[in-house]
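Structural overview
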Amino acid sequence: MTESPEIPIADAASAADTQAENAPIAVITGASRGIGEATAQHFMAKGWRIITCSREDIAERQEKYPLWMAHIPTDLSHRSSTEHFVERAKEVLQGQALQALVNNAAISPKTAFKERLGCLNGDLNHWASVFELNFFAPLLLCRGLAAPLARAKGAVVNITSIAGHAIHPFAGSAYSTSKAGLSALTRELAVEFGQLGVRVNAVSPGEIETAMLTPEYEALVPRIPLQKLGEPQDVAATIYWLCAPESRYISGTEIFVTGGQHVY
Ligand SMILES: NC(=O)c1ccc[n+]([C@@H]2O[C@H](COP(=O)([O-])OP(=O)(O)OC[C@H]3O[C@@H](n4cnc5c(N)ncnc54)[C@H](OP(=O)(O)O)[C@@H]3O)[C@@H](O)[C@H]2O)c1
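Everything in this summary refers to the structure shown in the same document. No experiment lies behind these values; they were computed from the predicted model shown.

Overview of the overall build of the protein
In terms of helices and strands, the protein carries eight helices and seven strands. A compact globule built from 264 residues would reach a C-alpha radius of gyration of about 18 Å, and the protein, at 19 Å, matches this within 12%. For the protein, long-range pairs separated by at least 24 residues make up 70% of all intrachain contacts whose partners lie at least 6 apart in sequence.

Re the site of the ligand
Residues in close proximity to the ligand total 31 residues, the closest being Gly30, Gly34, Arg55, Glu56 and Ala106. Considering each element in turn, the shell around the ligand owes the most residues, three residues, to helix α2 (residues 34–45). Classifying every residue of the shell around the ligand by side-chain character gives 15 nonpolar, eleven polar and five charged.

Examining the packing of helix α4 (residues 79–93) against helix α5 (residues 124–144)
α5 packs onto α4 with a crossing angle of 30° between their chain directions and a minimal axis gap of 10 Å. Considering the angle they form, α4 stands roughly parallel to α5. By crossing handedness, the relation of α4 to α5 is classed as right-handed. Contact residues: Arg79, Thr82 and Val86 in α4; Ala137, Leu140, Leu141 and Gly144 in α5. Looking at side-chain class alone, the contact of α4 with α5 contains four nonpolar, two polar and one charged residues.

Considering α5
Approximately 45° is the largest bend angle found in α5, and it occurs at Phe136, with the proline Pro138 only one to four residues beyond. Those residues of α5 that are buried lie in contact with α4, β4 (100–103), α6 (146–152), β5 (155–159) and α7 (173–194).

Criteria and thresholds
Residues numbered from 1 in each chain as written. Predicted model: local features only at pLDDT ≥ 70, side-chain atom pairs only at ≥ 80, totals over all residues. Helix = DSSP H or I, 4+ residues; strand = E, 2+ residues; numbered from the N terminus. Rg over C-alpha atoms; globule rule 2.2 N^0.38 Å. Contact = placed C-beta atoms within 7 Å. Near = placed C-beta within 6 Å. Nonpolar A, V, L, I, M, F, W, Y, C, P; charged D, E, K, R; others polar. Axes fitted to C-alpha atoms, helices over the stretch in contact; angles between N-to-C directions. Parallel < 35°, antiparallel > 145°, perpendicular 65-115°, else oblique. Left-handed = near helix turned anticlockwise from the far one by under 90°. Bend = angle between axes of the 7 residues up to and from the residue.

The following block contains the structure:
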């Protein structure tokens, strides 16, 4: 067997740079914590470059990772801020193709008294801001980034929720209906983006241990067939798989990452 020639250190470094230059790119929203942060880490561990946003500026954390191209502080519940994010992301892309868009950022508002926010007690302006972030921001990002996604024949993953499919004891009505809308939007997008060669799917988490969960969620564990809460990494790995070439013939589908809870 012939041994491969030793590469001088300087050349090895530039080879790594060249690899990074050609690495696929994902835009991930809500990457400052929880499922979004785990997803950002998972994509980088697989050698992808990422562009992210959240309201919090996490530039200091981002600088440690060469594959983290940019974190752009953005409030996706304000349309002008979302449009600004699209423009900045395109500047960062500099005409390069975009292999994945992960619409993850969302809120599930609670009342001060932990009362469920229902149809009768919720302020309508509050409903509108939930829909702006959970439903309209994914639509705006898909529209705004359609051209670079088409260039890569890439993939979109929308993070929906088990609460969009059945009444949930703690998630409010505005949240649940915005997520049901996002599930329907995923189907609509799959048809329109299919013509661009772009796949669109959804991942629907159950009870995942993040800041979104409050202690009373523990009471739901007996209703989860796998008898435990999920971890952000469980969702991140599924999102990644839906963006990877292994799922190249999958579009318009929704994968439940619930430990089986959605069967009830
Ligand atoms: N955890 C669960 O059990 C569960 C279950 C079903 C579905 N999900 C879905 O999974 C996704 C992630 O949830 P998570 O549990 O990881 O939530 P999380 O821990 O609360 O994180 C939410 C992320 O979204 C960002 N975000 C919130 N409001 C934003 C805004 N206006 N503009 C831009 N970014 C904003 C947050 O950053 P900033 O605060 O810095 O903006 C944060 O990075 C959501 O779509 C959620 O609906 C979660």
